[in-house]
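# Observations on the model geometry
In case you want the letters, here they are:
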Amino acid sequence: MYVTTDVDTDIEVTGRSSLDEFWVTFRRDRLALIGFVVLVGLALLALAGKAFTEWWVLFDPAVVRLSDRLLPPLTEASSVLSADKRPAFGIYFLGTDDLGRDVFARMLQGSFVSLSIGFVAVGIAMSIGVALGGISGYYGESKFLGLSVDNLIMRFTDVMLCFPTFFLILTVVALLPPSIYNIMIVIGLTGWMTTARFVRAEFLSLKEQDFVLAAKAMGLPERRIIFFHMLPNAMAPVLVTATVSVATAILTESALSFLGFGVQPPDATWGNILSDGKNFIFDAPWLFFIPGSAILVVVLAFNLVGEGMRESLNPKLRRR
Amino acid sequence: MGQFILRSLIQRLALLVVVSVIAHAVVHIAPGEPSEVDPTNPRMKPEDVAKIRAAFHLDEPLHRQYVYWMRDLVSGNLRSFKDGQPVLPKIWNRFLNSLPLFLAATLLIWTLSFPAGIHAAIRRGSGFDRASTFVAYALISIPGFFFAYLLILGVVNAFSVPVIGMRTFGMEDAPISFRAMDRLWHLTIPAMISAFSGVALLSRYVRSQMIEVVSNDYVRTARAKGLEEETVIYRHALRNALLPFVTMFGLMLPGLIGGSVIIEQIFAWPGIGRLGYEAILARDFPLILTINFFAATLTLAGTFLSDVLYAFADPRVRLNS
Amino acid sequence: MNVRTLLLLAPLLLLAGLVQAYFWVPKYDQQTRATPSRLETFIEGESADAKILNPVLHADSQSSRIVTLVFDGLLDLDQNLNLRGRLATDWKTTEEVFIVVDESRGFPDGAAVTPERIKARILRAKTSGRFPELTATVRSVEVLEGGAVVPLRFKSNTTDLGQPAAPRIRLPPRVRLELSRVEPRILDLLAPVLGREYGAGFDPARFLLSPDTPNEELRRALNAQLPTVEHNPIIEFRLRRNVRFHDGHPFTAEDVKFTYEAIMEPKNLSPRTSDFEPIKSVEAVEPHLVRVTYKRLFSPAVNVWTMGVLPAHLLRPEVIAKEAEERGLSGADDSFGLRDSSFNRAPVGTGPFRFEEWQGDELIKLTRNEDYWDGPPIYRNYYFRVIPDPLTKELEFRSGAIDSYQLQPFQVARFESSSRYRTLSGLGSGYTYIGYNNRLPLFSDPRVRRALGMAIDVDEIIRYVMYGEGERTTGPYPKQTEWYDHGVAPLPYDPKGALRILESLGWHKNDEGLLEKDGKIFEFNLITNHGNLIRKAILSVVQNSWRRLGVKVNTQVFEWAVFLEDFVNPGRFDAVILGWLMGVDPDLFQIWHSTQAGRNQLNFVGYENPDADRIIEALRREYDRDKQVKLSRELHRIIATDQPYTFLYAPATTRALDRKIVMVSEAGDISPPQASEGGDVFFHFNRWRKLEAAPDF
């Protein structure tokens, strides 16, 4: 039941919304605001996760304590453990998994990994989308091999849209060596098409706008026009898509993990904690419910923030 | 009209060729080869592995392999690496298995989304609207397999009834009514799970579409004429809001393959998504490629269908396309 | 009806229609409702589909499960893993020996050696009664005239030999002996006649026609083709009469011969070719007598005849060609062969069940073979049902929709104290190990491998990761065979001792707590294949144990094809977690012999020990069971000392079973189903049946 949230079809941005106006509308949307708060919290958590599991190892997600496996949350560590195996504060906040690893430490480590998968993948997708869309919109008429650049790029976009995305990702990830970078890159390479399309449309319309024509007339260099005048005005819908895409990327990673092709140990992600946990659902339900709900909450937050942003940016809907 | 159809048909065929070339390249460049051999069998000799390689043309250059593939696909001779069966009948069988699931889910999506979306649009800002927005986003945000397990566990624990697979086995001698209902039941849970996120998305779309239409002048005119609110909404507004959905019918076709891998895996449903997944695991190149090709064909057929439907419904499209 | 009502009613009706179907579905307690025949049906849950239902071609365990039900072998393994006759009622092993007449040296009494004299002297010794062993062994002697010119069987590494014609030899005169049993030391037996030194000065180069002087390569080929003594072991199978294939066609010796030919046909790409390669010929002597002659001493030979026998009348080349023609493939495709035949998806054998239906990735259905020669099984239908997900498989089992499935170790405890289900367990013939790349300088010292093994608490792994579903193992043989030496003590769990060993080898801990030597830290990659939960868990446990020792281990899990193709086969790995599934014979040539360490070969860790090589070769030539046991145990000890692998455990195969299923004895008593001593849980399957309610045991 993997679904691409292809919801950017109804975005209409004229490029004149000021940040203040946006913020005022956005704040009125309570769900989006809650989502935003959750995301800020998550960002802090991810940083803390990186800090406490790698730089300053307070919670070690790799320690295996077989005698303490499958303990429920808030259990104290058994006293037979040697000192170097004891968890921080002597307690398992979120219980232990089938090998006696501290679930809290793993979730903490996983928060950073999961988020970075989302952000890097979406970063790649957006860069490609914006670049191709921008080139297509701005330099569309120039010829390459007898065909217009616009035509070439858009036909290529069509080709990419023909592939069943998840099936393609699965094929490539299963065939490639399973590294976290491959997963990021593959998700990124298969997610840029809609962005390219609407950035192109945006550029086409911006090109005809007075301020761009004026800038051209003033003889400003092209680079300056593109990066300082047009791109910022096309960025708003890109940000909305990006927000929603991060959510999708996290879900994709968890779906891959379920099939066994997600991020491999020792890197923990919420997706692979969840898919490992499902085997112990009768013995240790927390191994299943904790990562599952965590993913749900975070993806929901991204989606709600995305929705809030879209509504705030959409002048038609704003006219209440 | 005929010219429009012809032109978009030719365009799509050209796209299809490019798609097949890229798919072929991606699959063959990746490392790994058909794992015909059971590695836990100490009796398998390297000579045997080499023989198998040669038999599958794996030693020839890429473009030759592409030509072989296309030739065999068109002539219907293409056979799976894994079991030597012809690929096309195999895909067709699995397609027939996936179809009921797809149809049931689609029916659920389309029948549930409209009442939910319209209701939310009419009562915009109400408790129902906000709650349905939240629930819709929650359904989109939940990892599919997590949700599926929750539902299966709930059903099995509460009613201790089988839900996996296409039917209950060992019922061949039962009356036809039992067997038919048994199949229907096995369809129910997976169809519901695959429908949920679709309902969420589509009802959101219905809602925004209705909101937009309701604010139009002709709706206001209808209201001003003193027509009943219900007539205004369900006759005038809904009819106009329906137009874009015509196109969505076509766009849902590719969901037949892409969205089904995990559901079919969990429910042991012998459909096309699982066929693809098993093919990937076994490096069954002809099958992977052909399923990809089939999916691309479905996507293109879907967009073609929606273009044509739209062109019929809205003549302006033909002029400016 | 207005639009609004319609919009509301449609989904409600649809949902109601779907949900009411619930009331028609059989639950665990009422499986027989509307379907009394459910009790005569056995439904097995499997995680993957079978691939090819042909005993000659299949290579996966799922296909093997179905094939053993549909086909019979000439032999199979009984309760205690000894061979037992099935399609063959009995068999005996004899031998033909060819001894070159070596005229270069005289008899002990000085007389010149001639073929006739050898024959006469052996016969005289046989009848003299002074050599009872010789008398019992040698049945007849015959002189074979030499002189025939034959080409030298020769596989060249270099294409250009610089020779105008292919090398040829003139055969020397030989003496053919028929022996009543296989005697690898025949020259010792004949020593009183031929002398102790017989054959020592024999030079086959004398019989080479062209070229005159052999190079190194030719000499090897000569020695192989013209040994002083050529052993041809012979197995004669007497076949069971009145056995019919499922289509009614009688089973005869021709079917056995055909099965052998099908394996050796290169077009068929059979994975069993190497098992049958030592066979020289298979003859159908009589309709119910088969004689198999081997090219050389090869003691594991008889075990391969447990493989199922194909029906020749359905698969002869002309029948296959006809099938190709009917499917419109004739001419277009010369490669059409057994592998492409529709037989592989609708097999016909002689086994207890006949094939009925196969729906890919869903089910395989078999029905009882009413005239099975060993008496028909009790179950009427057999379903092989594919459910890939372990969790939903368990749920499906609990709801009564499948009768049995293989448990993951962590699932076993859930069924053990249940009133509805039971577990059935047998120790498998496989083992799981950590293999080190012995070629790498890091692992070339056995002491390092031993230290790494000592740092792992294997008992803890068995207890917590395997949930007790396995036994500690110390060597390369299955524990339930005689070849296994139970006297070998497992490595102790002793991390401190391990550290001492490494420190004595020059490793010392650095500031980060990692072992270091000459400025390099002790670091390597440990990999395993995707899809095995236990191996993945062991990966983490072992990584952690070694980290405590001060060894930095990076772990990775690869998908099978990538794992084999990129890492294991080319030998590009440091250490792997893997398992072997062993046969019941003592032959370990492919896994442990030093010549088998090349690319794509099974000794992928590159183990090399001349003593082990010698024993492995000797085992293949030894036919005496007691001597085999002695040799195999010595081999076990050598490998355990060298520790090329850290041997972990032999996993048990445990299945969950509905408690209503019982075993019915010949007398009609019922008892709980049991695995055989050898660990085969389905050994008594034909005696199983399902009752209406669970019995009280």
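All values reported here derive from a predicted model rather than from experimental measurement.

### Some words on the overall build of chain C
Summing up its helical and strand segments, chain C has 21 helices and 29 strands in all. By principal-axis analysis of the C-alpha atoms, chain C measures approximately 115 × 75 × 55 Å. By the burial criterion, 57% of the 697 residues in chain C qualify as buried. Looking at chain C alone, contacts between residues at least 24 apart form 70% of all its contacts between residues at least 6 apart. Surface accessibility of chain C: about 28600 Å² in total, with carbon and sulfur atoms responsible for 49%.

### Some remarks on the packing of helix α6 (residues 144-159) of chain B against helix α12 (residues 390-398) of chain C
Direction vectors running N to C along α6 of chain B and α12 of chain C enclose 10°, while the axes themselves pass 11 Å from each other. Put simply, α6 of chain B runs roughly parallel to α12 of chain C. You can see that α6 of chain B and α12 of chain C cross each other, and the crossing is left-handed. Across the interface between the two elements, Tyr-149, Ile-152, Leu-153 and Val-156 of chain B from α6 of chain B touch Leu-391, Thr-392 and Leu-395 of chain C from α12 of chain C.

### Notes on the packing of aromatic side chains
All names here are of chain C. Taken as a whole, this structure holds 68 aromatic pairs over all chains when the rule is applied. With centroids separated by 6.3 Å and ring planes inclined at 55°, the aromatic side chains of Phe-71 and Phe-343 adopt a geometry described as tilted. Placement of Phe-71 in the loop between α2 (61-70) and β2 (75-77) and of Phe-343 in the loop between α11 (317-326) and β13 (353-359) is noted, with a sequence separation of 272 residues between them. The exposure classification of Phe-71 matches that of Phe-343, with both residues buried.

### Here's the deal with the pattern of salt bridges
Residue and element names in this part refer to chain C. One pass over the structure, following the stated rule, counts 55 salt bridges over all chains. For Glu-370, the salt bridge identified is with Arg-368, shortest N-O distance 3.1 Å. Taking the relative accessible area as the measure of exposure, Arg-368 reaches 18% and is therefore buried.

### What to know about the domain arrangement of chain C
Many authors give the size of an interface as the accessible area that is lost as the parts come together. Looking at chain C, the domain boundaries give domain 1 (3-80 + 321-424), domain 2 (83-91 + 235-314), domain 3 (95-233), domain 4 (430-652) and domain 5 (659-697). When each unit is reduced to the centre of its C-alpha atoms, the spacing between domain 4 of chain C and domain 5 of chain C is 38 Å.

### Focus on the sheet that holds strand β4 (residues 88-100) of chain C
All names here are of chain C. Strand order across the open sheet formed by six strands is β5-β8-β4-β10-β12-β11, with antiparallel pairing between neighbours. Looking at the sheet topology across the chains shown, the edges are occupied by β5 (138-144) and β11 (279-286). Adjacent strand axes in the sheet meet at a mean angle of 20°, parallel and antiparallel pairs treated alike. Pairing between β4 and strand β8 (residues 174-179): six bridges, direction antiparallel. From the neighbouring strand, Ile-99 faces β8, where its bridge partner is Val-175. Together, β5 and β8 form the strand contacts of helix α3 (residues 115-128), whose direction differs from that of β5 by roughly 170°. The strands touched by helix α8 (residues 253-264) are β10 (229-239), β11 and β12 (289-294); relative to β11, the strand with the most contacts, the crossing angle is about 165°.

### Considerations on the interface of chain A and chain B
Across the boundary between the two partners, chain A contributes 54 residues, which contact 54 residues of chain B. In this assembly, chain A packs against chain B so that about 4600 Å² is buried in total across both faces, 79% of it on carbon and sulfur atoms. Applying the counting rule to chain A against chain B returns one salt bridge. Across the pair Glu-307 of chain A and Arg-204 of chain B runs a salt bridge whose closest N-O atoms are separated by 3.0 Å. Linking chain A to chain B there are six residue pairs in polar contact (both at pLDDT 80 or more). Looking at the side of chain A that touches chain B, the elements that each hand over two or more residues are α2 (30-55), α4 (149-162), α5 (165-175), α9 (222-258), α10 (270-277), α11 (286-313) and α12 (315-318) of chain A. For the side of chain A that touches chain B, the leading source of residues is α11 of chain A, giving 13 residues. A breakdown of the residues in the side of chain A that touches chain B according to their chemical character gives 35 nonpolar, nine polar and ten charged.

### Points about the interface of chain C and chain B
With 79 residues of chain C at the contact, the number on the chain B side is 72 residues. Sorting the residues of chain C by area buried against chain B places Leu-18, Trp-24 and Asp-361 of chain C first, and these three jointly supply 9% of that buried surface. Run the count over chain C and chain B and you get two salt bridges. For the salt bridge of Asp-173 of chain B with Arg-380 of chain C, the shortest nitrogen-to-oxygen distance reads 3.8 Å. Run the count over chain C and chain B and you get ten residue pairs in polar contact (both at pLDDT 80 or more).

### Some words on a nonpolar patch on the surface
All names here are of chain A. Together, Trp-23, Phe-36, Val-40 and Leu-44 make up a nonpolar patch on the protein surface, roughly 370 Å² of accessible area in all. Here the nonpolar patch gets three residues from one element, more than from any other, and that element is α2. Structurally, Phe-36 is set in helix α2. Phe-36 gets classed as partly exposed once you look at its relative accessible area, which sits at 36%.

### Notes on the packing of helix α13 (residues 272-281) of chain B against helix α14 (residues 285-313) of chain B
Residues and elements named next belong to chain B. Look at α13 against α14: their axes get within 9 Å of each other, and the N-to-C directions meet at 145°. As α13 runs across α14, the sense of the crossing is left-handed. Two secondary-structure elements touch here, α13 through Ile-272, Leu-275, Gly-276, Ala-279 and Ile-280 and α14 through Leu-287, Ile-288, Ile-291 and Phe-294. Residue composition of the contact of α13 with α14, by class: eight nonpolar, one polar and no charged.

### Description of the pairing of strand β17 (residues 421-427) of chain C
Look at any regular strand and the pattern is simple: side chains alternate between the two faces of the sheet. Residue and element names in this part refer to chain C. The buried count for β17 comes to five of seven residues, which makes it a mostly enclosed element. Strand direction decides the pairing type here: β17 and strand β26 (residues 645-658), joined by seven bridges, are antiparallel. Its bridge partner being in β26, Thr-423 is matched across the sheet by Ala-656.

### Thoughts on the sheet that holds strand β7 (residues 168-170) of chain C
All names here are of chain C. The strand order across the open sheet formed by three strands is β6-β7-β9, and the pairing between neighbours is antiparallel. Because the sheet does not close on itself, it has two edges, and the strands there are β6 (149-151) and β9 (208-210). Direction aside, the axes of adjacent strands within the sheet are offset by 35° on average.

### Describing the confidence of the model for chain B
Looking at chain B as a whole, the pLDDT averages 81, with 86% of positions reaching at least 70. Long-range and interchain partners of residues 36-44 of chain B, a stretch whose pLDDT sits below 50, account for 34 contacts in this model, where long-range means more than four residues apart.

### Overview of the environment of Arg-535 of chain C
Residues and elements named next belong to chain C. Tracing the chain through its elements places Arg-535 in helix α17 (residues 533-549). In the structure, Arg-535 is positioned 33 residues away from Val-568 in sequence and 16 Å away in space, judged by C-alpha atoms. Setting aside residues no more than four positions away along its own chain, Arg-535 makes contact with Thr-528, Asn-529, Ile-577, Leu-578 and Gly-579.

What counts and how
- Along each chain, residues carry numbers from 1 onward, in the same order as the chain's sequence is written.
- Numbering of ligands from 1 and lettering of chains from A proceed in the order in which they are written.
- For a predicted model such as this one, the threshold for reporting local features is a pLDDT of at least 70, and the threshold for listing and counting side-chain atom pairs is 80 or more; totals across whole chains, interfaces and linings nevertheless cover every residue.
- Calculated side-chain values reflect all of the structure's heavy atoms, with hydrogen atoms and water omitted.
- A run of DSSP states H or I qualifies as a helix once it reaches four residues; a run of E qualifies as a strand once it reaches two. Both are numbered from the N-terminal end.
- Here's how the labels work: a residue is buried when its accessible area is under 20% of the maximum for its type, exposed when over 50%, partly exposed in between, all with a 1.4 Å probe on protein chains only.
- We call two residues contacting when some pair of their heavy atoms lies within 4.5 Å.
- We get accessible surface area from the Shrake-Rupley algorithm with a probe of 1.4 Å; when it comes to residues, only the shown protein chains can shield them.
- Angles here are taken between N-to-C directions and fall from 0 to 180 degrees, while the axes themselves are lines fitted to C-alpha atoms, restricted in helices to the stretch in contact.
- When describing relative orientation, an angle under 35 degrees is termed roughly parallel and one over 145 degrees roughly antiparallel, while 65 to 115 degrees is termed roughly perpendicular and anything else oblique.
- Each crossing is labelled by how the near helix is turned from the far one, with a counterclockwise turn of less than a right angle marking it left-handed and a clockwise turn marking it right-handed.
- The criterion for an aromatic pair is that two Phe, Tyr or Trp rings (for Trp, the six-membered ring) have centres within 6.5 Å, with stacked assigned to planes under 30 degrees apart, edge-to-face to planes over 60 apart and tilted to the rest.
- Throughout this description, the term salt bridge denotes a Lys or Arg side-chain nitrogen within 4 Å of a carboxyl oxygen of Asp or Glu.
- Those domain boundaries reflect an automatic or database domain assignment.
- Any two strands with at least two DSSP bridges between them are considered paired.
- Two parts placed together each lose some accessible area under a 1.4 Å probe, and adding up what both lose gives the buried area.
- Residues adjacent in sequence count toward polar contacts only when both atoms are side-chain atoms; beyond that, a polar contact is any pair of N or O atoms within 3.5 Å, and within protein one must be able to donate a hydrogen and the other to accept it.
- Classes in brief: Ala, Val, Leu, Ile, Met, Phe, Trp, Tyr, Cys and Pro nonpolar; Asp, Glu, Lys and Arg charged; the others, Gly included, polar.
- Note that patches include only residues with greater than 30% relative accessible area and no salt bridge, and the join distances are 9 Å for like charges and 5 Å for nonpolar side chains (Val, Leu, Ile, Met, Phe, Trp, Tyr).
- On a range of 0 to 100, pLDDT expresses the predictor's confidence in each residue.

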